[in-house]
Amino acid sequence: MDFLNFLDFKVTDFLDIILVAVLLYYVYKLVRGTVAINIFIGIVIVWGFWKLTELLNMKMISSIVGGFMQVGLIALIIVFQQEIRKFLLMVGSTNFGAKRNFLRHFKFSREEALSTNINVDAILSACEKMSLSKTGAILVIEKNNSLDFIKSTGDKMNIEVTQPILESIFYKNSPLHDGAAVIQDNYIVATRVILPVSNERTIPLRFGLRHRAAVGITEKTDALAIVVSEETGMISYIKNGEFVLYKDLTELSSVIKEDLNY
């Protein structure tokens, strides 16, 4: 029987399954937590149904679903344009080798694992102080995607993250306060950085250029952004181009640490 030919399993078939599983895993990581996750799950279900009908030799329904999958490819590219951009940035990240030493993923000791953790509490304490004084600030935390293309627009730094340092950078009379600060591996690596501004029309008008810049960089990369409003003192947290709601700074700290995989 033809439909039992899949039992003739080869090493290349095993490798094919592994590669597809890895690809689906990384695609899932990119769309997880966004509205695109439901579309992704729907596509997987339709694709699975299509292959099942082919396996059972159900030609009519198979041709209909197959035609839908082929014609819908262009629509999928439009729907997932932000996620596709993030995926390509992740694959072609220029500093992946230098920044993400492979051996670092094997945490041989607790001290080694903690040494590279970003001091989220210090960041939020600084934001809380700046919120009370209505000092505008925008912080971008680098994750997997390289941010070299925006670091070059500002001043390079190599300062460990502390509350006083962050407050001094965004102090109104400081020459470094204009623009964003980029944080990588618990170090402020750039200040006065110019970010790409989002053209998304759904952003409420009460949010200014800082918030649009935060949305813009998180749309194009997997970076996280924290914004302190100069007008209201409100602290906003943005990821995947969307504002994340939280009850208090304790909850926000937990959310950020979870997003950083701590």
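Residues numbered from 1 in each chain as written. Predicted model: local features only at pLDDT ≥ 70, side-chain atom pairs only at ≥ 80, totals over all residues. Heavy atoms only, no water.

## Quick word on the packing of aromatic side chains
In step 1: Applying the stated rule across the entire model yields one aromatic pair.
In step 2: Taking 4.5 Å as the distance between ring centres and 15° as the angle between the ring planes, the aromatic pair formed by Phe 207 and Phe 243 counts as stacked. Of this pair, Phe 207 sits in the loop between strand 4 (187-193) and helix 10 (209-220) while Phe 243 sits in strand 7 (residues 242-244), and the two are 36 residues apart along the sequence.
In step 3: Since its relative accessible area comes to 27%, Phe 243 is described here as partly exposed.
In step 4: The ring centre of Trp 50 lies 4.5 Å from the NZ or CZ of Lys 51, which sits over that ring. (Phe/Tyr/Trp six-rings, centres within 6.5 Å; stacked < 30°, edge-to-face > 60°. Helix = DSSP H or I, 4+ residues; strand = E, 2+ residues; numbered from the N terminus. Buried < 20%, exposed > 50% of the residue type's maximum accessible area, 1.4 Å probe, protein only. Lys NZ or Arg CZ within 6 Å of the ring centre and 35° of its normal.)

## Focus: the side chain of Ser 229
In step 1: Here Ser 229 lies in the loop between strand 5 (224-228) and strand 6 (235-239).
In step 2: For Ser 229, the side chain forms a polar contact with the main-chain nitrogen of Glu 231, separated by 3.3 Å.
In step 3: Residue contacts for Ser 229: discarding those within four places in its chain leaves Lys 134, Gly 136, His 211 and Met 234. (Polar contact = N/O pair within 3.5 Å; in protein donor to acceptor, adjacent residues only side chain to side chain. Contact = heavy atoms within 4.5 Å.)

## Some details on the confidence of the model for the protein chain
In step 1: Residues at a pLDDT of 70 or more form 75% of the protein chain, whose mean pLDDT is 79.
In step 2: Segment residues 94-115: pLDDT under 50, and 24 contacts once partners within four positions in sequence are set aside and those in other chains are kept. (pLDDT = per-residue confidence, 0-100.)

## Some words on the nonpolar core
In step 1: Judged by nonpolar contacts, the single largest core of 25 residues is most densely connected at Ile 123, Cys 127, Leu 139, Ile 141, Ile 183, Ile 226 and Ile 256.
In step 2: For this core, the elements supplying multiple residues, two or more each, are helix 7 (120-132), strand 1 (137-141), helix 9 (163-169), strand 3 (180-184), strand 5, strand 6 and helix 11 (249-259).
In step 3: Among the elements that take part in this core, helix 7 stands out by supplying six residues, more than any other.
In step 4: Once you skip the residues sitting within four places of it in the chain, Ile 123 turns out to touch Ile 118, Leu 139, Ile 141, Val 161, Leu 166, Ile 183 and Ile 226.
In step 5: Counting residues in each nonpolar core, the second largest holds 20 residues, with Ile 150, Val 189, Val 193 and Ala 225 among its members. (Core = buried A, V, L, I, M, F, W, Y, C linked by side-chain atoms within 4.5 Å.)

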